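Each chain, written out:
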Amino acid sequence: MDDYLSGEEEDDYYYTSDQESLEGLDHEYDQSNLQPLSSSGNTAKVITKESLLAAQREDLRRVMELLTLKEHHARTLLIHHRWDVEKLFAVLVEKGKDYLFSGAGLTLVEDDPTFSPSSPMMMTCDICVEDVATHHMTRMDCGHCFCNSCWAAHFTVKINEGQSKRIRCMAYKCNAICDEDVVRSLVSETQPDLADKFDRFLIESYIEDNKMVKWCPSTPHCGNAIRVEDDELCEVECSCGFQFCFSCSYRAHSPCSCSMWELWRKKCHDESETVNWITVHTKPCPKCFKPVEKNGGCNLVTCICGQSFCWLCGGATGRDHTWSSISGHSCGRYQEDKEKQLERAKRDLYRYMHYHNRYKAHIDSSKLEDRLSDTILEKVSILEKRQLQLKDFSWVTSGLHRLFRSRRVLSYSYPFAFYMFGEELFKDEMSAEEREIKQNLFEDQQQQLEANVEKLSKFLEEPFDQFADDKVTQIRIQVINLSVAVDTLCKTMYECIDNDLLGSLQLGIHNIAPYRSNGIERASDFISSREAAGEKCQPSNSGWNSEDTSCSSRKRPRKEGIYRNSQTTLLDLNLPADVIERK
């Protein structure tokens, strides 16, 4: 036990009894459907192509009902505020309705009684300067009126330029946004495909302009989008299985910050370290400046361009030389700057290799451990068929979830350490002494986590399906203990990063997604409040049918602190030992 945690923490986190657990319930497992659930419920939603329109209309309905607006007016306000309904309401309360409308380009002018589309009278279009019948003229909400041909040409240009979400009025210095119904009607008369493109842009604006909604970055693209309710700084799992950082849309990378991960990706994929190697192992030719690698013991080197030079100092020389000297050349004086440059390049290269090799090793281990899922299924199936005293094997799957989670944390802790304790980002934030103290603290936690992760992996790879009852019970205790240990160590590492490392910096631009014991949150399907209440919402002529605004979600509250699917309840390894036994 001393290998897992030190000090008094062992008494708080360790499971050591195996009395009642041997009488666990006999469940039938369908491990492929197991998904970890958050004790606080899902806050991320999957928006599919089918539910995209419903998600958009739910936000539109809230604005339409509060301000008594048509759908296209509500959409104009929401696009301007990046579909942040709460921000829109805050501006309304603080600045008022007039400020809200004018800032978004929404101008509502009372109808002109002198203008009637059915009137046979003629009007002059100020754009083409031609007399046109009023039924061929269109007046926008801002009051400006032009002929349909000019409007259609204007809309066509803007849609093709990609500005279809906020097409402004043609009038000089008018910032009013044109009515989307008018745009759609006039464009569809001559170019129905362009009108469809316009509609698609309006719908997709809910994702493209919404900071709380992003496309799943999976490759190939699954077609889903993810909406988060609370915080952009989080990691989510799409229904397609891809896990990503919502803030930067890269693969989940905590405890690395987004800035650190971007730098690490670039460092691993570009030629920066190749340049370091060239700096250490080659010298530039003084004539053609191409890098030359020395392949013999003589310090007179000849480039492929024919130029001879001294390997020690890089200076051009003639070809005449002996083993001890080069004719007409002497470079015995010590040049401190060049020596320091070479030593620095070597040190930076070796430091990078240290962190990259460990990062890569844990990534490779994670890929190999992914195959454990199928093996675990087979082992559990075999154990269930045997007449063992132990009936509940949910600890195996729970341990596997913890192994995947902790291995991923451990992998990305190395890129974090590379930048946290290097001079590239935080050179002026910490003194050398302070950096050394913090680095030792972090590396101690990292080594403890690494040791326990390797032990957990070892026990889960054991052929325990072939063991006797007593040995299976021992394996069970070890897996549960190690699962709790790695979870505790992960939490401690994240707290250290938040409070002692990143939290102490003056620049607060490096933030990390919070640690979740149950793993990265899997986004649930989006269900609008009206659909959840069993209603079928339909758009009306004015936009949205806003009758009966009392719809609310009737989703059954989830039971806290468990993993759950239709057939299996898994152990929550954060619970005390006596509670684990009773489950």
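As recorded in an unreviewed UniProt entry, the protein chain goes by RBR-type E3 ubiquitin transferase and comes from Brassica cretica. Among the UniProt annotations of the protein chain, the heading Function (unreviewed entry) holds the following wording: "Might act as an E3 ubiquitin-protein ligase, or as part of E3 complex, which accepts ubiquitin from specific E2 ubiquitin-conjugating enzymes and then transfers it to substrates." What UniProt states about the protein chain under its Sequence similarities (unreviewed entry) heading is, verbatim, "Belongs to the RBR family. Ariadne subfamily."

Student: What am I meant to see in the nonpolar core here?
Tutor: The biggest cluster of nonpolar side chains holds 56 residues, and the ones touching the most others in it are Trp395, Phe416, Met420 and Leu449. Put simply, the parts of the chain that give this core at least two residues each are helix H9 (258-269), helix H11 (336-370), helix H12 (372-385), helix H13 (394-420), helix H14 (432-460) and helix H15 (469-501). Contacts of Met420, omitting those with residues within four sequence positions, involve Met260, Phe426, Met430, Leu501, Leu502 and Leu505. The next biggest cluster of nonpolar side chains, apart from the first, holds 28 residues, and it includes Leu52, Ala55, Leu69 and Ala225.

Student: I keep staring at the sheet that holds strand E1 (residues 44-47) and nothing clicks. Help me out?
Tutor: Sheet strands line up and pair through hydrogen bonds in the backbone, either parallel or antiparallel. Read across the open sheet, the 4 strands follow the order E6-E7-E1-E16; overall the sheet is mixed. Edge positions in the sheet fall to strand E6 (213-215) and strand E16 (524-525), since each of these pairs with one other strand and no more. In terms of strand pairing, E1 meets E16 through 2 bridges, oriented parallel. Pairing of Lys45 across the sheet is with Ser524, part of E16. Helix H8 (residues 192-208) contacts E1, E6 and strand E7 (225-228) of the sheet and is inclined by roughly 105° relative to E6.

Student: What am I meant to see in the sheet that holds strand E8 (residues 235-237) here?
Tutor: Strand order across the open sheet formed by 3 strands is E9-E8-E15, with mixed pairing between neighbours. The two strands at the open ends of the sheet, each matched to only one other strand, are strand E9 (243-245) and strand E15 (521-522). As defined by bridge partners, E8 adjoins E15 across 2 bridges and the pair is classed as parallel. Paired with Glu237 across the bridge in E15 is Arg522.

What counts, and at which threshold
Residues numbered from 1 in each chain as written. Predicted model: local features only at pLDDT ≥ 70, side-chain atom pairs only at ≥ 80, totals over all residues. Heavy atoms only, no water. UniProt positions renumbered as here; feature names shortened; annotations may be inferred. Core = buried A, V, L, I, M, F, W, Y, C linked by side-chain atoms within 4.5 Å. Buried < 20%, exposed > 50% of the residue type's maximum accessible area, 1.4 Å probe, protein only. Helix = DSSP H or I, 4+ residues; strand = E, 2+ residues; numbered from the N terminus. Contact = heavy atoms within 4.5 Å. Pairing = 2+ DSSP bridges. Axes fitted to C-alpha atoms, helices over the stretch in contact; angles between N-to-C directions.

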